[in-house]
Structures are given as structure tokens and as C-alpha cells.
Amino acid sequence: MATIVKIFPTLNMWAEAAAAEFCGIIEAAVAASGIASVALSGGQTPVKVFKKLAQSPWAESVPWDRINWFWVDERWVPAEHEASNFGQAQKYLLSQTPVEPNRIFPMPTEAATPDQAAAEYEKLLRQRISATAKGSFDLVLLGMGTDGHTASLFPGSPLLAERERWVGPATAPTGVKQRLTLTLPLLNSAKNQLILVNGAEKQPLIERLLYSGEDVSSLPAGRLKCTGQTFWLLDAAAAGV
Ligand code: 6PG
């Protein structure tokens, strides 16, 4: 249950360090159990890391055939839609690397309703991921919005109180409003969380979350704390240094 904050002087150094952190966690998981499970977020920030992972030297150190890929959240759009989180990961990472299609588990957006899709994905996760005291996913990649949301858990969402369900339908205030998201019990049962944050517009939130000492439990990102290690990876602008 350690929280580790790392700050990098430039965006490029930040992206390289995030890719290296990703590789280190995956290598350790594969060495320990032969397989690694990763859950990816959407948004612009992870794309910078996806691009690094798809390049040398990181691409050579990732055991691509040993990773099962899941999603932290998804917009209620078809996979081909430009706003699809799966589509984005596919474009910048999975299609660029020797990932086997049978190891890719996108959130379903073809079900009749978001409720049904959430139940379907939860069923799949409960078959594939065991949330034991030792942790569930080996790695969860997360971002944070300027309102303090993370995954598709927005401030005030009833899903923040969820204790049982692993996946739920969510509503975003802007953009594609209908979403699916993993809930805090599952996100926080991960062995590792990498929380990726860039840019000066997120600095006031980082100040509140990491340095103010105030009660930040009303902010979804303030409730991230996993079974193992929670890394906040910040560029200088987000850290305000
Ligand atoms: C998504 C997310 C979301 C994202 C933040 C930050 O699908 O949009 O998973 O929680 O991580 O909104 O987004 P940016 O990286 O674009 O700032």
C-alpha cells in the first residue's frame, strides 16, 4: 500500500519513464507467474506512453505474447469510433506490436444496454482476474481529469460508493456521456497503479491531492490506493516545479 510520486523535467522524459515503469512491472509479473494482466485507460495522456512502448528499446523488452489486455473504462461507442478507448489503444499500441488477438478483452459496447454490457464484462473479468489478497490486475494505467475524475468515475457519482460490483455504467458530464467503468474495489485491488498526469492545467488538482493534506475523498482520483504500489507519474508542469 505504498504511494510513490515521481516527477520528470520534460514530457518526453516523463513518457520514457512511464514506458520503462510499465516494462519493469510487466517483466516482474511474467517472471513471477508467466502471465501479466493490464487494464488501460483512455484520454490523451496514455497515448504518449503507448507510442513509446511501440518503439525501441521498450518494444523489445515487453513480452507481448504474455499479456492479457483489459480496459479501465470505455465510451458507449462502436470500436471503430474515434472516441473508443479500445480503438485508441489498438491504433497506437496493439496494432503496432505482436499482441495476440485472443489476449485482447475490450469492454463490450454492442450489448443492448450499458447495464447488460457492464454485467457481461464483470463476468469475463471474474473468470480471468482473481482479486485475492495478493492483488488482481498486475497493472492498471490511469489518468486524471481537471475535475479530479479518474477512469469514468466522476465527482458525485453513485458508483463511488460501490463495494461489490467491479464494472458499472457511468455518465460523464461532457463528450460521449454514456460510459462503462471499472469501480474502485477492483481498481484498488490491483498490484500496481500507474497514474499518468501531464500539464499545468492539472497542477491545482495535484496540489490538492498530493500536497495539501486536505480530505480529498470527494475526488475520485483521491481514492486511488491499491493493494501494492500506486505510482503518480507527473511532468514538471503538473507537479508545479
Ligand atoms: C477516459 C479516461 C479518463 C482519463 C482522464 C484524463 O477514458 O477518458 O480513462 O479517466 O484518464 O479524463 O484524460 P486525458 O489524459 O485526456 O487528460
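Look above for the structure.
A brief look at the structure comes next. Here the structure is a predicted model, which is why all the values come from computation and not from measurement. (Residues numbered from 1 in each chain as written. Predicted model: local features only at pLDDT ≥ 70, side-chain atom pairs only at ≥ 80, totals over all residues. Heavy atoms only, no water.)

### Concerning unusual backbone geometry
No. 1: Looking along the chain, the bond that leaves serine 56 and enters proline 57 is cis, with omega of 5°.
No. 2: Among the secondary structure elements, proline 57 is positioned in the loop between helix 2 (45–53) and helix 3 (58–61).
No. 3: Even without being a glycine, alanine 151 presents a positive backbone phi close to 50°.
No. 4: Position of alanine 151 among the secondary structure elements: in the loop between strand 5 (139–142) and strand 6 (167–171). (Helix = DSSP H or I, 4+ residues; strand = E, 2+ residues; numbered from the N terminus.)

### A few points about the pairing of strand 7 (residues 178–182)
Looking along a regular strand, one sees side chains alternate from face to face of the sheet.
No. 1: The element strand 7 is largely enclosed, with a buried count of four among its five residues.
No. 2: As defined by bridge partners, strand 4 (residues 73–75) adjoins strand 7 across three bridges and the pair is classed as antiparallel. The partner of aspartate 73 across the bridge, within strand 7, is threonine 181.
No. 3: Two strands pair when backbone bridges link them, and strand 6 and strand 7 are joined in this way by five bridges, in the antiparallel orientation. Its bridge partner being in strand 7, glycine 168 is matched across the sheet by threonine 181.
No. 4: The antiparallel hairpin formed by strand 6 and strand 7 contains six residues in its connecting segment, where glycine 175 sits at a positive phi of about 65°. (Buried < 20%, exposed > 50% of the residue type's maximum accessible area, 1.4 Å probe, protein only. Pairing = 2+ DSSP bridges.)

### A few points about the site of the ligand
No. 1: Surrounding the ligand, one finds 15 residues, the nearest of these being Gln44, Thr45, His149, Ala151 and Lys202.
No. 2: Within the contact set of the ligand, an oxygen atom lies 3.3 Å away from a backbone nitrogen or oxygen of glycine 42.
No. 3: In this structure, an oxygen atom belonging to the ligand sits 2.6 Å away from a main-chain N or O atom of alanine 151.
No. 4: When isolated, the ligand has an accessible area of 410 Å², and the protein chains bury 88% of it.
No. 5: Class assignment of the residues belonging to the shell around the ligand gives a composition of two nonpolar, 10 polar and three charged. (Near = heavy atom within 4 Å. Polar contact = N/O pair within 3.5 Å; in protein donor to acceptor, adjacent residues only side chain to side chain. Areas by Shrake-Rupley, 256 points an atom, 1.4 Å probe, with all protein chains shown as cover. Nonpolar A, V, L, I, M, F, W, Y, C, P; charged D, E, K, R; others polar.)

### A word on the nonpolar core
No. 1: One finds Leu53, Trp69, Trp71, Leu125, Phe137 and Leu182 to be the most contacted residues of the largest nonpolar core, which totals 79 residues.
No. 2: Broken down by element, the residue count for this core peaks at 11 residues, all from helix 1 (residues 11–33).
No. 3: Every residue in contact with tryptophan 71, bar those within four places of it in the chain, is listed here: Ala39, Leu40, Asn85, Phe86, Ala89, Leu94, Ile104, Phe105, Pro106, Met107, Tyr121 and Leu182. (Core = buried A, V, L, I, M, F, W, Y, C linked by side-chain atoms within 4.5 Å. Contact = heavy atoms within 4.5 Å.)

### What to know about the environment of glutamine 88
No. 1: Mapped onto the fold, glutamine 88 is located in helix 4 (residues 85–92).
No. 2: What makes glutamine 88 buried here is its relative accessible area of 13%.
No. 3: Along the backbone, glutamine 88 and glutamine 44 are 44 residues apart, and their C-alpha atoms lie at a distance of 9.4 Å.

### As for the sheet that holds strand 8 (residues 192–197)
No. 1: Strand order in the open sheet made by the six strands is 1-9-8-5-2-3, with parallel pairing throughout. Unpaired on one side and paired on the other, strand 1 (2–8) and strand 3 (67–71) mark the two borders of the sheet. The sheet shows a mean angle of 20° between the axes of neighbouring strands, taken without regard to direction.
No. 2: Running over the sheet, helix 7 (residues 203–211) touches strand 1, strand 8 and strand 9 (229–235) and is turned about 145° from strand 9. (Axes fitted to C-alpha atoms, helices over the stretch in contact; angles between N-to-C directions.)

### What to know about the packing of helix 1 against helix 2
No. 1: At a minimum axis separation of 9 Å, helix 1 and helix 2 run at an interaxial angle of 65°. Classified by the interaxial angle, the pair formed by helix 1 and helix 2 is roughly perpendicular. Handedness of the helix 1/helix 2 crossing: right-handed. Residue-level contacts link Leu11, Asn12, Trp14, Ala15, Glu16, Ala18, Ala19, Phe22 and Cys23 of helix 1 to Thr45, Lys48, Val49, Lys52 and Leu53 of helix 2.
No. 2: Class assignment of the residues belonging to the contact of helix 1 with helix 2 gives a composition of nine nonpolar, two polar and three charged. (Parallel < 35°, antiparallel > 145°, perpendicular 65-115°, else oblique. Left-handed = near helix turned anticlockwise from the far one by under 90°.)

### Section: the sheet that holds strand 4
No. 1: In space, the three strands of this open sheet follow the order 4-7-6, with antiparallel pairing throughout. Two strands bound the open sheet, and with one partner strand each, they are strand 4 and strand 6. Put simply, the sheet's adjacent strands are angled 25° from each other on average, direction ignored.
No. 2: Packing of helix 5 (residues 114–128) onto the sheet brings it into contact with strand 6 and strand 7, and relative to strand 6 it is tilted by some 145°.

### Quick word on helix 4
No. 1: For helix 4, every residue scored as buried is listed here: Asn85, Phe86, Gly87, Gln88 and Ala89.
No. 2: Summarising the contacts, the buried residues of helix 4 are in contact with strand 2 (36–40), helix 2, strand 3 and strand 4.
No. 3: In this structure serine 84 caps helix 4, since a side-chain oxygen of it lies 3.3 Å from the backbone nitrogen of phenylalanine 86.

What is shown is where atoms sit, not what they do.
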